[in-house]
Amino acid sequence: MGEGVRIRFDKLGVVIAAIAAYAAFLAPFATFRANRIVPGEARSILEALPATTGPLLLAIVVAGALIALLKTPLVLRLAASVVALAALATLIGVAGSFLTPAGNTFARISPASGFWLLIFAFTLLLADVLTRLNLSPWARVGVLVVAALAIGLLLISGQWNSLSILKEYANRADSFWAEGSKHVTLALGSLVAAVVVGLPLGILCHRVEKLRAGALNVLNIIQTIPSIALFGLLIAPLGWVAAHVPGAAALGIRGIGTAPAFVALFLYSLLPVVANTVVGLAGVPRAANDAARGMGMTDRQRLFGVEFPLAFPVILTGIRIVLVQNIGLATIAALIGGGGFGVFVFQGVGQTAMDLVLLGAVPTVALAFAAAIILDAVIEMTATKRRVETA
């Protein structure tokens with residue numbers, strides 16, 4: 001007698017299928033609120049979508065979960081994740097239109113826990129597939145661009161206009177972009193300042209051992225201070241500078257606002273930049289330095305022609321850490337008047353308006369995610385180039 005067919009389960013797929021099953025059948029898919037601040041009423045997939053669309057989404061989710069659960073070809077897993085994510089992104093907009101009473105401008109429809117869990121499950125499946133495919137850096141950036149374009153098309157098409165987060169955006173469109181600009185300026189500006197100061201300091205720490213221990217210990221202490229506490233500690237000294245130093249207030253330096261937020265983010269950024277510079281320079285092969293000396297290169301020539309290029313991928317890793325960290329920490333700047341997407345987060349918390357919180361949180365997460373993918377790709381390309389050059 002021949003052996004029976006053996007069913008093989010994917011370890012990660014078991015988790016994905018369990019999350020998808022719970023989200024699809026037990027958790028609410030959307031929430032209906034009569035207005036923006038009253039408690040919501042949960043709606044399942046079948047309740048939140050038209051009679052024909054709800055079962056279709058359930059079928060897509062079940063099929064995707066089964067494909068994830070079993071040992072299936074990567075192409076099939078990729079197709080299942082993309083189809084499921086596309087269906088979820090499209091049909092949550094349909095749910096918004098379906099649940100909103102005709103002519104009602106006060107009702108708010110928002111994605112509920114089931115929707116977010118399904119998004120998480122199939123994003124996890126997609127990430128697993130892309131990892132197994134071992135895509136090149138350019139291909140990963142390409143996937144990010146395609147995803148951004150798809151989301152952009154959904155936004156332009158008006159498919160999501162009935163969702164509460166888009167209604168919150170419509171009421172605050174001008175301030176959204178203004179605060180977004182402040183958020184990006186804080187994150188990038190503090191990063192640039194940290195690189196300008198941190199790279200020379202890291203080089204000095206690499207060359208002078210006594211300075212290395214002291215500088216890294218001080219920066220480690222700063223890193224352990226909670227962000228809100230550090231913002232608060234900077235209010236008094238910067239307020240004194242604004243009051244007693246001529247021209248300081250005119251430059252925007254004051255106890256609250258952008259200045260203390262910028263300084264705090266700058267201080268948090270120094271440790272990863274300095275530490276990775278030291279580690280990167282320490283990791284330069286001794287043979288490369290010896291060869292450079294044998295060619296008659298000066299210390300300065302060796303630093304910029306040999307050591308720094310070889311250490312650059314490690315230094316860039318520190319810059320990546322800083323950028324992702326600063327995008328998140330810039331949210332806290334709103335507590336001291338620094339602006340940024342945190343304005344919407346804390347307004348939403350104060351008004352018990354979860355959709356307003358999401359208006360600030362979602363773009364923050366998206367920016368951090370995109371920055372991580374792009375810089376990871378740059379780091380990998382740089383490291384590969386250096387290995388080829390030194391081979």
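Data block above holds the structure.
From a predicted model like this one, the values you see are computed outputs, not experimental measurements.

As a further point, take the overall build of the chain. Within the chain, the secondary structure is distributed over 15 helices and three strands. Taking the principal axes of its C-alpha atoms as reference, the chain extends roughly 75 × 75 × 30 Å. Within the chain, the proportion of its 391 residues that are buried is 43%. Contacts in the chain between residues at least 24 apart in sequence constitute 76% of all its contacts with a sequence separation of at least 6. Of the roughly 20,000 Å² of accessible surface on the chain, a fraction of 71% belongs to carbon and sulfur atoms. Each charge sign in the chain was given a centre, from 26 positive and 16 negative side chains, and these centres are 3 Å apart.

Side chains of strand S3 (residues 108–111) alternate between two faces, with Arg-108 and Ser-110 and Ile-109 and Pro-111 buried alike. With four bridges connecting them, strand S1 (residues 30–33) and S3 associate as antiparallel partners. Among the inter-strand pairings, Arg-33 is bridged to a residue of S3, identified as Arg-108.

What follows is about the pairing of S1. Side chains of S1 alternate between two faces, with Ala-30 and Phe-32 and Thr-31 and Arg-33 buried alike. As paired strands, S1 and strand S2 (residues 41–43) are joined by three bridges and run antiparallel to one another. Residue pairing in the sheet places Ala-30 in a bridge with Arg-43 of S2.

Moving on, we come to the sheet that holds S3. Strand order across the open sheet formed by three strands is S2-S1-S3, with antiparallel pairing between neighbours. Here the strands that pair on one side only, and so sit at the sheet edges, are S2 and S3. Across the sheet, the axes of successive neighbouring strands diverge by a mean angle of 25°, strand direction being ignored. Here helix H4 (residues 74–99) sits on the sheet and contacts S1, S2 and S3; the angle it forms with S3, its principal contact strand, is near 155°.

What counts and what doesn't
- Residues numbered from 1 in each chain as written.
- Predicted model: local features only at pLDDT ≥ 70, side-chain atom pairs only at ≥ 80, totals over all residues.
- Heavy atoms only, no water.
- Helix = DSSP H or I, 4+ residues; strand = E, 2+ residues; numbered from the N terminus.
- Buried < 20%, exposed > 50% of the residue type's maximum accessible area, 1.4 Å probe, protein only.
- Contact = heavy atoms within 4.5 Å.
- Areas by Shrake-Rupley, 256 points an atom, 1.4 Å probe, with all protein chains shown as cover.
- Lys, Arg positive; Asp, Glu negative; His and termini not counted.
- Charge placed at Lys NZ, Arg CZ, Asp CG, Glu CD.
- Pairing = 2+ DSSP bridges.
- Axes fitted to C-alpha atoms, helices over the stretch in contact; angles between N-to-C directions.

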